[in-house]
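Single-letter residue listing:
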Amino acid sequence: MPARIIETNPQPFAPRAIDPVSLDIIENALRNARIEMDATLVRTAMSPGIREQGDAFPMIANPAGKMIVGQFGSFIDGFLRGWDGSIEEGDMIFLSDPYSCEGAISHSNDWLVLLPVYRSGRLLAWTAMFGHQSDIGGKVAGSMPIDARSIFEEGVRIPPVKIWRKGEYNEDLVKLIMHQTRKPDWCAADLNALIASCRVAARRIDEMCARFGEDELVAAMDALLARNHRAMKALIAASVSTDKVSFEDFVCDDGVGYGPYKIKCTMSRVGDKVVLDFAGTDPQSDAAINFYLNENMFKMFFGIYMIMVFDPQIMFNDGFYDLIEVKIPEGSLLKPRYPAALSGRTHALGRIFDLLGALLGQRTPEFLCAAGFSSSPHLMYSGRDQRPGKGGEWFQLFQIGFGGIPGKPFGDGPDGHSLWPGFTNVPNEFLERYFPLRIERYEALADTGGAGRYRGGNGILMSYRFLSAGTVSIHDDRWFTYPWGVNGGEPGARARKILEKADGTQTIVANKLDSLDVAAGDQLHFITWGGGGWGNPLDRDPALVGLEIRQGLVSAAGARAYGVVADADGVVDAAATARLRAELAAAGPAEPAIFNRGGTVEQLRAACEAETGLPAPRPPVWQQAEAAQ
């Protein structure tokens, strides 16, 4: 039964014509309110994931729950459809269970606050914010167990509840939830930050009403949605073919020895509508790499990608959703059945962006980007701080790393840059001040970006020296498959993780693991993947390659992938370069493939241990059963 919206004023909002100047002012006021939500959050949260990295996502929506400004698209409609309760003035909703909101938040670490904004007895708008909590209980510190077999192993699940009811705070509920986490101080501060952010935006909406009027504000939001619909309709007609285009990519493994897992999507245009069909995607995993992909979220991903590539001036919102149809098979990796584990969903989430780029670029290779939105590397380190003066107090780090961004039609991919807009790295000074570790190295790793006319971004090498014994968990991907290159570009390098003991011995460890014991003096070399290259590497300016040798982004040996002969100081030998490029051009294909994956899955499996130092993942059991039929 859907939620019941209670309003003491039954008068509907009156239609209003909005002049362009007023519309522009209201649009920018809403944008600024969204920015102020972020600013409020980072000034009041405590966990490094939110305070330092910005792992939180704000939204302002119209009375129907359609996002006007935000990032991930609206999740309010799914919540309203699934919650059998009332919404009244003075209420605030709190939840973290992905299965209660159709996957709008994709794992239980994301805490979501929804605030209905009332004025004069009518529901005028919604504000919302969700952010990743560093710990919500569960079987491992960080609450994202690799080997979880159900969501019950991943910590506290919060169904939609009223944290505020008609203006009264539910303090007992908050105490109960904080009792489940290893870091109640962080979680309490972060929850208050989410609440404060929503209230700041609600105040700004109230101020807009006082200036322009309630009917005018609602009409302006409708106009912004309609404008977006018109723009996306034109973009889709011009950019998406009626012919079907398919692409598939893979999550390397599930962390318990099986993989890779295929994600497949087919795109076509039927009339004005884009159809995106994930038929052919592998069934859900028994482990935690499932990603409950909310259809509206994917529509927003598609829209953002279209807008950023073809017309960045458009303000994206939910106005175009009826132009896109998304089909996701039940029981698949992207729509697992309850109570499937979800805590490792970031790998499939990142792979969705690579998939979108491949789908939209196949018909127009000049707009095609390489792969590199490949995962969201997580490191968790926890234990008792044994340094002098610390008294064995509990510490717990959750940190998100960055890989190489793909080469693009108009330039190189950034080195070690965030996939998510607004995300930043945790400063090394912060890490060394608050945790028992020292950062020995933090650098872009030369030659990890795929060679091309436009180079893929290099991955990052971050070396952690642990100063107290503890346990480490790692979530990363692209260690078995490569971030593919396009239009003649080479794949980016794979991710690697190396544990160096205090005595200097080194061991290659998995990119997905739980509870790795480390001792004081040990180092973890955390290496992320590089982005794929774009275009023929032989077309890259040799002088630019020489400059990048001097900058430490390409080595003298790595320059040969571009057909460039240079010394360690980046001085290019022009004659030798011309000869090498002629040899490489003669030996290469006359027409390079659009995609360079670095080999088939079977070839990668055969060479895996020799190339990575890790055994190849075994084919999932259900794949073996299907092959036998």
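All values derive from a computational prediction rather than experimental measurement.

Caption draft 1: Looking closely at the environment of Pro406. Among the structural elements, Pro406 can be located in the loop between strand 15 (394-400) and helix 9 (428-434). As a C-alpha pair, Pro406 and Asp354 span 52 residues in sequence and 9.2 Å in three-dimensional space.

Caption draft 2: Representation of the environment of Ile400. The residue Ile400 is located in strand 15 in this model. For Ile400, a relative accessible area of 4% gives the class buried. Separated by 164 residues in the primary sequence, Ile400 and Val564 place their C-alpha atoms 35 Å from one another. The contacts of Ile400, once residues within four sequence positions are left out, are Gln53, Asp55, Ser376, Pro377, His378 and Phe423.

Caption draft 3: Here's a closer look at the sheet that holds strand 16 (residues 437-444). One open sheet accounts for five strands, arranged 16-17-23-20-21; its pairing is antiparallel. Every other strand in the sheet has two partners, leaving strand 16 and strand 21 (506-509) as the edge strands with one partner each. Strand-to-strand, the axes of this sheet are offset by a mean angle of 15°, without reference to chain direction. When strand 17 (residues 460-466) meets strand 23 (residues 523-527), the two strands line up antiparallel, connected through five bridges.

Caption draft 4: Main features of the nonpolar core. Of all hydrophobic cores here, the largest spans 87 residues; its most connected members are Leu114, Phe278 and Phe302. Setting aside residues up to four positions removed in sequence, Leu114 forms contacts with Phe75, Ile76, Phe79, Met92, Ile93, Leu95, Trp126, Thr127 and Ala128. In this structure, Ala56, Ile68, Ile158 and Ile205 belong to the second largest nonpolar core, which totals 48 residues.

Caption draft 5: Representation of the pairing of strand 11 (residues 261-270) in the model. Counting buried residues in strand 11 gives seven out of 10 residues, a clear majority hidden from the surface. The sheet contact formed by strand 10 (residues 245-251) and strand 11 spans seven bridges and is antiparallel. In the strand pairing of strand 11, Val245 is matched with Met267. Bridging between strand 11 and strand 12 (residues 273-277) involves five bridges; their strand directions are antiparallel.

Caption draft 6: Main features of the pattern of salt bridges. Per the stated rule, a full pass over the model turns up 42 salt bridges. Taking the shortest distance from any N to any O, the salt bridge between Arg4 and Asp84 comes out at 3.3 Å. One end of the pair, Arg4, is in strand 1 (residues 4-5); the other, Asp84, is in the loop between helix 3 (76-82) and strand 4 (86-87), with 80 residues separating them in the sequence. Its salt-bridge partner being Arg478, residue Asp249 comes within 2.9 Å of it at the nearest N-O pair. Of the two residues, Asp249 sits in strand 10 while Arg478 sits in the loop between strand 18 (470-475) and strand 19 (485-486), which places them 229 residues apart along the sequence.

Caption draft 7: Geometry of the packing of aromatic side chains. According to the stated counting rule, one finds 21 aromatic pairs in the structure shown. Where Phe320 meets Tyr321, the ring centres are 5.3 Å apart and the plane angle is 85°; that geometry is what we call edge-to-face. What makes Phe320 buried here is its relative accessible area of 0%. Centre to centre, the rings of Phe430 and Phe435 are 6.4 Å apart; their planes meet at 55°, and the pair counts as tilted. Given a relative accessible area of 10%, Phe430 falls into the buried group. Among the aromatic residues, those joined into a cluster by ring pairs are Tyr99, Phe152, Tyr292 and Tyr338. Across the ring face of Phe526, the terminal group of Lys497 is positioned such that the distance to the ring centre comes to 4.5 Å.

Criteria and thresholds
Residues numbered from 1 in each chain as written. Predicted model: local features only at pLDDT ≥ 70, side-chain atom pairs only at ≥ 80, totals over all residues. Heavy atoms only, no water. Helix = DSSP H or I, 4+ residues; strand = E, 2+ residues; numbered from the N terminus. Buried < 20%, exposed > 50% of the residue type's maximum accessible area, 1.4 Å probe, protein only. Contact = heavy atoms within 4.5 Å. Pairing = 2+ DSSP bridges. Axes fitted to C-alpha atoms, helices over the stretch in contact; angles between N-to-C directions. Core = buried A, V, L, I, M, F, W, Y, C linked by side-chain atoms within 4.5 Å. Salt bridge = Lys/Arg side-chain N within 4 Å of Asp/Glu carboxyl O. Phe/Tyr/Trp six-rings, centres within 6.5 Å; stacked < 30°, edge-to-face > 60°. Lys NZ or Arg CZ within 6 Å of the ring centre and 35° of its normal.

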